[in-house]
Amino acid sequence: MSSPSLDISRSLSKPRGSSAPVPDDKIGEIVDAVIDAAPECVRKRVFLPAIDWALVPPHKVRLLLSSLDQARLALPRWLAKPLLLAGHTLPDGPGDALPSALKALSRLNGAAGEPSEREALSPSLESLGYVSGIESDIVVALVRRLLALSWDDEALRFALAHAHAVPQALRLIGGAFERYLAGLPSVRLRLSGSATTAMLADALAPAFAVEGWRADISEGGFGSALGDLLSPPDDGVDALVVLLDSEGLAPTDWRHPEPEVARLAAERADMLAEALETFSSRANVPLLINTLPVPSAPTAGLLDRQHGMGLRRAIDVLNQRILEAADRSGRIIAVDADQALSTLAPHEQLDPKLWYYGRIGYSPEATQRLARAFSEAWRIARRGPVKVLAVDFDNTLWGGIYGDDGVDGLACGEDFPGNAFQALQQECLRLKAQGILLVGLSKNEARAIEVFEQHPGMVLKADDFAAHAVNWQPKAENIKRIAADLDLGLDSVLFLDDSPHEREAMRRLAPEVVVPEMPEDPADRPRWLRRLSATWPVRLTGEDASRSAVYAARRSAQELRARAASFEDYLSSLEQRLVLSFVNARTLARAAQMHQRTNQFNLTTLRLGEPEISALAEDPTRGLVLLGKVTDRFGDHGLVIASAVEIYGAEATIRTLLMSCRVIGRDVERAFMGALVAELASRGVARVRGAYVPTPKNGMVRDFYASCGFSQETGESAETTWTFAIGEAPPPGSAQVGTSWET
Amino acid sequence: MDTYASETELAYPEICEIFADVFQHAGPLARGTSPDDVPRWDSLQHIALIRALETTFRVRLSMDEMMEIRSVGDIERILARHGV
């Protein structure tokens, strides 16, 4: 941005709803000068994109275009884009070479909103839903324009299709998205993770909406993955989604000696495998769980995949355990993170500051892609892949046109460029081997089917097709007849055709058929077809299915009981320790920060600051501020629980009690309460009081005092107060957490 | 509160759009506008705000800057520091 254009762009850029920073006549002069110089500028590729073209009237844009035309210069894309984003429309000539998204924007900019225009533009808008990699500003401009025309359905569908790459487009839709969701069938998801899942929860709604479901999500909270696997969700849930991340699942405490590090890593993998085993034997809903992606920073350099200290090696081991579990259990669906994130470089998959800030294990971009991968996996698990691949012949299965070029003129074989077409035929054969029926759909003389036998480069043969229609009828009619013959629904048909017209006709006449946008370049098509999730199998071949049934039968129920760990066993095996201390100069800032930031596990949400906390801690006969640090076998969680208490002689009032969500669900809070009550007793307190002050976020602690043996004093309003008579009621505590005092 | 007379007075008018997009906040912005004034500005949406600033202004904000941003005025100051 160091070009001299910057100043001009600033002075010309006019914030919406305000007057221009320079007078209009001055802007006019600058624009005229720019248009004068346009051919020279286009030739040298400078200057023009920096202008805010929204300020330039349409007749001057036409002047610009005709001056380029006279200079025999094509309108370059870098100039067309800002013109279109500024709301201008381009005539057919200069706009012809633009990518489809910009062409659509040009037509929308020129549209007045007539129903006939909507009818005409609708199929090309639908096809744009399949085009990946449209730049985010173009997506946003298209959605804005569609909304301005009140074409809300088209705006919604387009924004939804691109929500994983351009989430802000969906936010433009506003309430219409909520209304659309309300009309979709619900899928109730329990979401848990090895770290924070809130960002994924937000991304799952649009991701599932693309597949036609409304995701109703309940979150297990931070670090709830193993707990949820060991105590599978109840009937109120249709699937468990588990988000694993390397930072949350495989942190290493390098204070341990090396053999210990390796042993802990192995134990962690065992623990995950056992939890998956328990899940598959107890749960009656599917589990969608991701593998861990390739790490971007090794811990053993070149030896990262070989040595026990290597992070990549640890991740490989964990992934292998996940994949083994998925292989054995029909209920466990493993989502390959490397595949889901393949369009991002490893360093783009994690934003370290977000990890340190909120234990968020994936960057926003990676989270969006994982959400899409989870929703695709759910669709595949529920509906399976398509059953029919209906495929065109000319310029799809071979290069050239049979009617024009004859058999000998068709490109398909071992050599360039026919090898790209032969590769697509190989992919068709692969899909056939994976259980998808092939159907030939070609507008051709009937004898075109003989090409497969006559041309030496063809690897597909006529009898590989379960059916074919080679005639001059509309392809939609042919596929409807064939689908009826095969007794299959049209929604289980995938249609591949190089011609945009044929694709558009199919979308209009047989809207149930799945019609993706096939890449124009034949070289891109084989890999594109492999990535197309509509073709992905759930399980492969009956032999696989029966093998896993045999496997399941071999294991006796007793064996299962022996292997499956309970949640309590899991907690005990963590060897958790709560280390208590009173607040001091070193921990004061952290105590205050916890008071500001904790929302969920927070009894009173009283935001005490540093001065108030130190005041309470000053005199041991008047108050105390107790802090707790949690450690377990795998490492330190740091200071995670705090309470500030006021003491008046033999009575004490808990002013605040709060805990970080990092350790929720591990019984730490009850161990802490036990220690707090014991400490107060040692200071001569006989009665402890506490209050629960409800907020929109702290519903999880409504019954906390009851679970610690407190009795309710008042509770007519939403706020409840509680009391505990030391010595009369059994002291609270936890068998799962050992406590000690910091020395 | 130190309010802007109009959105042109914001050093970076894009901040208005970012607040509308991230927080669905349509109200006026002031230098002192803080999480207390914007109901959806919680710790999770703070991340979305940081990301929107990073992509819109093509900067990379540090951990310290992420913590430093507690108001619209902070955003302006930090963007200016990045030479935006």
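About the cut-offs
Numbers given to residues run from 1 along each chain, matching the order in which its sequence is written. Following the order in which they are written, the chains are lettered starting with A and the ligands numbered starting with 1. A pLDDT threshold of at least 70 governs which residues receive local features in this predicted model, and a stricter bar of 80 or more applies before side-chain atom pairs are shown or counted, although totals over entire chains, interfaces and linings include all residues. Side-chain metrics in this entry use all non-hydrogen atoms of the structure; hydrogen atoms and water are not considered. A helix here means a DSSP run of H or I that spans at least four residues, while a strand means a run of E at least two residues long, and both kinds are numbered starting from the N terminus. Each radius of gyration is computed over the set of C-alpha atoms, and the globule rule expresses the reference value as 2.2 Å times the number of residues to the power 0.38. Working rule for contacts: check all heavy atoms of both residues, and any pair within 4.5 Å makes them a contact. Once two parts are put together, the accessible area they lose, assessed with a 1.4 Å probe and summed over both, is termed the buried area. One side-chain nitrogen of Lys or Arg within 4 Å of one carboxyl oxygen of Asp or Glu is enough to make a salt bridge. Residue polarity is assigned by list, with Asp, Glu, Lys and Arg as charged and Ala, Val, Leu, Ile, Met, Phe, Trp, Tyr, Cys and Pro as nonpolar; anything else, Gly included, falls into the polar class. A pair of Phe, Tyr and Trp rings is counted when the ring centres sit within 6.5 Å of each other, with Trp represented by its six-membered ring. The angle between the planes then sorts it: under 30 degrees is stacked, over 60 is edge-to-face, the rest tilted. Each residue is assigned to one of three classes by its accessible area relative to the maximum for its type, calculated with a 1.4 Å probe on protein chains only: buried under 20%, partly exposed between the two thresholds, exposed over 50%. Counted as over-ring charges are cases with an Arg CZ or a Lys NZ within 6 Å of the ring centre that also lie within 35 degrees of the ring normal. Two strands pair under a simple rule: DSSP has to find at least two bridges between them. Among the buried residues, those of types Ala, Val, Leu, Ile, Met, Phe, Trp, Tyr and Cys that are joined through side-chain atoms within 4.5 Å form a nonpolar core. Per residue, pLDDT captures the predictor's confidence, and it can take any value from 0 to 100. Along the arc lie the directions from the helix axis toward the C-beta atoms. Polar contact is defined as a pair of N or O atoms within 3.5 Å, subject to the rule that within protein one atom must be able to donate a hydrogen and the other to accept it, and that residues adjacent in sequence are counted only when both atoms are side-chain atoms. The definition used for a disulfide is geometric: two cysteine sulfur atoms within 2.5 Å. Take the number of residues in a helix, subtract one, and multiply by 1.5 Å to get its expected span. Note on geometry: axes are lines fitted to C-alpha atoms, helical ones only across the stretch in contact, with angles between N-to-C directions running from 0 to 180 degrees.

A. Structural detail: the overall build of chain B. Looking only at helices and strands, one finds four helices and zero strands in chain B. If you list the helices and strands of chain B from N to C, you get α-α-α-α. By the compact-globule yardstick of 12 Å for 84 residues, chain B fits well, its C-alpha radius of gyration being 12 Å. The C-alpha extent of chain B, read off along each of the three principal axes, is 30 × 25 × 20 Å.

B. Representation of the interface of chain B and chain A in the model. Counting residues at the interface gives 20 residues for chain B and 19 residues for chain A. Buried area between chain B and chain A, both sides added, is near 1700 Å², and the carbon and sulfur share of it is 58%. Ranking the residues of chain B by area buried against chain A places L44(B), I47(B) and R51(B) at the top, with a combined share of 30%. Viewed at the interface, chain A and chain B are joined by five salt bridges. Its salt-bridge partner being E54(B), residue K353(A) comes within 2.6 Å of it at the nearest N-O pair. Elements with a contribution of two residues or more to the side of chain B that touches chain A: α1 (14-23), α2 (43-57) and α3 (63-68) of chain B. Here the side of chain B that touches chain A takes eight residues from α2(B), the largest share from any one element. Taken together, the residues that form the side of chain B that touches chain A break down as seven nonpolar, six polar and seven charged.

C. Spatial organisation of the packing of aromatic side chains. Residue and element names in this part refer to chain A. In this structure the tally under the stated criterion is 16 aromatic pairs over all chains. Measuring from centroid to centroid gives 6.0 Å for W213 and W378, while their planes differ by 70°, and the two rings are edge-to-face. Taken as a pair, W213 in the loop between α13 (198-210) and β2 (214-221) and W378 in helix α20 (residues 364-383) lie far apart in primary sequence, 165 residues in all. Pair check on accessibility: W213 and W378 agree, each one buried. Between the aromatic rings of F393 and W398, the centroid separation amounts to 5.3 Å while the plane-to-plane angle is 45°, which identifies the pairing as tilted. Given a relative accessible area of 0%, F393 falls into the buried group. Given a relative accessible area of 0%, W398 falls into the buried group. Directly above the aromatic system of Y357 lies the positively charged group of R597, at a separation of 5.1 Å from the ring centroid.

D. Representation of the pairing of strand β6 (residues 388-391) of chain A. Residues and elements named next belong to chain A. The alternating pattern of β6 places V388 and A390 and L389 and V391 on opposite faces, both of which are buried. In terms of strand pairing, β6 meets strand β7 (residues 437-443) through four bridges, oriented parallel. The residue bridging A390 from the neighbouring strand is V439, located in β7. Note that β6 and strand β9 (residues 493-496) share four bridges and pair parallel. Bridge assignment links V388 to a residue of β9, and that residue is V493.

E. Just the nonpolar core, in detail. Residues and elements named next belong to chain A. In terms of nonpolar packing, the biggest core is built from 61 residues, with L229, L244, L272, L276 and L287 touching the most fellow members. Apart from residues lying up to four places away in sequence, L244 is in contact with S194, A225, L249, L272, I289, N290, L292, I322 and Y362. Among the nonpolar cores identified, the runner-up in size contains 53 residues, and I35, L64, A104 and L170 belong to it.

F. Representation of the confidence of the model for chain B in the model. Averaged over chain B, the pLDDT score is 86; the fraction of residues at 70 or greater is 90%. Predicted as a complex, the structure gets a pTM of 0.79 and an ipTM equal to 0.84.

G. Structural detail: helix α25 (residues 500-509) of chain A. Residues and elements named next belong to chain A. All of the buried residues along α25 are E502, R503, M506 and R507. Projected down its long axis, α25 shows its buried positions confined to an angular sector of 135°, all on one face. Contact partners of the buried residues in α25: α8 (115-128), β7, α24 (475-486) and β9. Where α25 begins, one side-chain oxygen reaches toward the backbone nitrogen of H501, 3.2 Å away; that side chain belongs to S499.

H. How the structure looks around the pattern of salt bridges. According to the stated counting rule, one finds 51 salt bridges over all chains in the structure shown. In this structure, the salt-bridge partner of K432(A) is D464(A), at a minimum N-O distance of 3.1 Å. Taken as a pair, K432(A) in helix α22 (residues 418-433) and D464(A) in the loop between α23 (451-454) and β8 (465-471) lie far apart in primary sequence, 32 residues in all. Residue classification places K432(A) among the partly exposed residues on the basis of a relative accessible area of 36%. Judged by relative accessible area, which is 13%, D464(A) ranks as buried. The partner of E679(A) in a salt bridge is R683(A), and the shortest N-O contact between them spans 2.8 Å. Each member of the salt-bridge network shares a partner with another, and the members are D351(A), K353(A), E365(A), R51(B), E54(B) and R60(B).

I. Region of the structure containing the side chain of Q45(B). With respect to the helices, strands and loops of the structure, Q45(B) is situated in helix α2. Dropping the residues within four chain positions of it, Q45(B) is found in contact with D202(A), V22(B), F23(B) and R40(B).

J. Here's a closer look at the state of the cysteines. This structure, assessed with the given rule, holds zero disulfides over all chains. Unpaired in terms of disulfides, C412(A) finds its nearest cysteine sulfur in C428(A), a separation of 11 Å.

K. Highlighting helix α4 (residues 58-70) of chain A. All names here are of chain A. Its 13 residues place the ends of α4 18 Å apart at the C-alpha level, agreeing with the 18 Å of an ideal helix rising 1.5 Å per residue. Burial in α4 covers these residues: K60, V61, L64, L65, S67 and L68. All buried residues of α4 project into a common sector of 160° when viewed along the axis, lining one side. Facing away from the buried side of α4, by more than 90 degrees, are the exposed residues R62, D69 and Q70. Looking one or two places after α4, you find R72, whose phi comes out positive at around 55°.

L. Structural context of the pairing of strand β3 (residues 239-243) of chain A. Residue and element names in this part refer to chain A. The buried fraction of β3 amounts to five of the five residues, a majority that puts the element mostly inside the structure. Burial along β3 is two-sided: the residues A239, V241 and L243 and L240 and V242 are all buried. With five bridges connecting them, strand β1 (residues 186-193) and β3 associate as parallel partners. Following the sheet pairing, G193 is matched in β3 by L243. In the sheet, β3 pairs with strand β4 (residues 287-290) via three bridges, with the strands oriented parallel.

M. Layout of the side chain of R666(A). Position of R666(A) relative to the elements: it lies in the loop between β13 (651-659) and α32 (668-682). If near-sequence neighbours (up to four positions away) are discounted, R666(A) is found in contact with L571(A), L574(A), Q576(A), D632(A), H637(A) and V737(A).

N. Expanded view of the sheet that holds β2(A). Residue and element names in this part refer to chain A. Sheet architecture is open: five strands sit in the order β2-β1-β3-β4-β5, paired in parallel fashion. Since the sheet does not close on itself, it has two edges, and those belong to β2 and β5 (332-335), each with one partner. The mean angle between the axes of side-by-side strands here comes to 25°, regardless of whether they run parallel or antiparallel. Running over the sheet, α13 touches β1, β2 and β3 and is turned about 165° from β2. Packing of helix α17 (residues 311-328) onto the sheet brings it into contact with β4 and β5, and relative to β5 it is tilted by some 140°.

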